[in-house]
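Structure at a glance
For reference, the chains in residue letters:
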Amino acid sequence: MEELKREYERAIEDIELYYKHLEELEKQVNYSQLRKILKANLFLMLYNIIESIVTKSLELIHDKINSEKVKYKDCIDEIKALWIEFEHSKFEETKSLNIIKKLTKIDDEILYIEYEEYSKKKRSNISGNLDARKIREISNVYLLEHNQQIIGKKLAEIKNTRNRLAHGEISFSELGGNYTSRQMFEYYRECKEYLKEYISNVETYIKVKKYKK
């Protein structure tokens, strides 16, 4: 959990330093074109921290469940469903009689769900798709509490703008010219506070073992 917090703090420090540099450029007329490009690039930085923190938080939850060797019968229904989905291909490769035998002792099965393998099997579409709505959907899979203080409405525009830049739909200078430095600060502030609350929710989830009954 501490590593997740440090990752967040490092990224926030980088963005704050970057934003201060943008403010300095606001005072220098000769750098107007560069300023536009740098403002647009801030959207990439903001989206990257969102995706990084959410991905690492899910890895952390999986690692915690795996390390505790939690039994199927002791988990909440949401984690049971996640494990069954993860194990589904193994059931398909097993003879019917063996499946029946496995089900008769399923309560004592130890859950092990390696996140990277799970996300591949699920064909996770996190990459380039994270906003507040998507994060709520993911949270529902784990019964992770949703943000209550910072809803994160601006995350959708951060995601969409990042994707427009990544797919070459608009140039950095053109997009950056559409935003003031003050507007960029508001995107940064909401992203920062949203993730701070999200991390707090993850910490509580792990601390009180909400994945267990």
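Not measured: the values here are computed from a predicted model.

It is worth spelling out the pattern of salt bridges at this point. Going through the model one piece at a time under the given rule, you end up with 17 salt bridges. Between Glu 137 and Arg 133 there is a salt bridge; the shortest N-O distance is 2.4 Å. Here the residue Glu 137 and the residue Arg 133 both occupy positions in helix H6 (residues 132–142), the gap between them amounting to 4 residues, near one helical turn. Using a relative accessible area of 36% as the deciding quantity, one classes Glu 137 as partly exposed.

Let us now look at the packing of aromatic side chains. Under the counting rule described, the total for this entry stands at 8 aromatic pairs. Taking 5.5 Å as the distance between ring centres and 45° as the angle between the ring planes, the aromatic pair formed by Tyr 19 and Phe 185 counts as tilted. A residue pair is termed long-range when its members are at least 10 positions apart, and Tyr 19 in helix H1 (residues 2–26) and Phe 185 in helix H9 (residues 181–207) qualify at 166 residues. By relative accessible area, which is 8% here, Tyr 19 ends up buried. Judged by relative accessible area, which is 24%, Phe 185 ranks as partly exposed. One residue, Lys 154, lies across the ring of Tyr 187, its end atom 6.0 Å from the ring centre.

Let us look at the nonpolar core. Counting 61 residues, the largest nonpolar core has Ile 49, Ile 79, Tyr 142, Tyr 198 and Tyr 205 as the members making the most contacts within it. Counting residues per element, the ones that place at least two in this core are H1, helix H2 (32–68), helix H3 (77–92), helix H5 (115–121), H6, helix H7 (154–166) and H9. Counting residues per element, this core draws most heavily on H2, which supplies 14 residues. Not counting residues within four places of it along the chain, the set of residues in contact with Ile 49 comprises Tyr 8, Ala 11, Ile 12, Ile 15, Cys 191 and Leu 195.

Once that is clear, we can look at H2. Along an α-helix, residues three or four apart share an orientation, since each turn contains 3.6 residues. Compared with an ideal rise of 1.5 Å per residue, which puts 37 residues at 54 Å, H2 spans 55 Å between its outermost C-alpha atoms and is within 8% of the ideal. At the C-terminal side of H2, Lys 69 shows a positive phi close to 55°.

Turning to its location among the elements, Lys 159 is positioned in helix H7. A sequence separation of 112 residues divides Lys 159 from Tyr 47, and the C-alpha atoms of the two residues are 6.1 Å apart. Excluding anything up to four places from it in sequence, Lys 159 contacts Tyr 47, Gly 128, Asn 129, Leu 130 and Asp 131.

Viewed as axis vectors pointing N to C, H2 and H6 meet at an angle of 5°, and their least axial separation amounts to 12 Å. Comparing the axis directions of H2 and H6 gives the class roughly parallel. Within the contact between the two elements, H2 uses Ile 50, Val 54, Leu 58, Ile 61 and His 62 and H6 uses Ile 135, Ile 138 and Tyr 142. Considering only residue class, the contact of H2 with H6 consists of 7 nonpolar, 1 polar and no charged.

Reading guide: rules and limits
Residues numbered from 1 in each chain as written. Predicted model: local features only at pLDDT ≥ 70, side-chain atom pairs only at ≥ 80, totals over all residues. Heavy atoms only, no water. Salt bridge = Lys/Arg side-chain N within 4 Å of Asp/Glu carboxyl O. Helix = DSSP H or I, 4+ residues; strand = E, 2+ residues; numbered from the N terminus. Buried < 20%, exposed > 50% of the residue type's maximum accessible area, 1.4 Å probe, protein only. Phe/Tyr/Trp six-rings, centres within 6.5 Å; stacked < 30°, edge-to-face > 60°. Lys NZ or Arg CZ within 6 Å of the ring centre and 35° of its normal. Core = buried A, V, L, I, M, F, W, Y, C linked by side-chain atoms within 4.5 Å. Contact = heavy atoms within 4.5 Å. Expected span 1.5 Å × (residues − 1). Axes fitted to C-alpha atoms, helices over the stretch in contact; angles between N-to-C directions. Parallel < 35°, antiparallel > 145°, perpendicular 65-115°, else oblique. Nonpolar A, V, L, I, M, F, W, Y, C, P; charged D, E, K, R; others polar.

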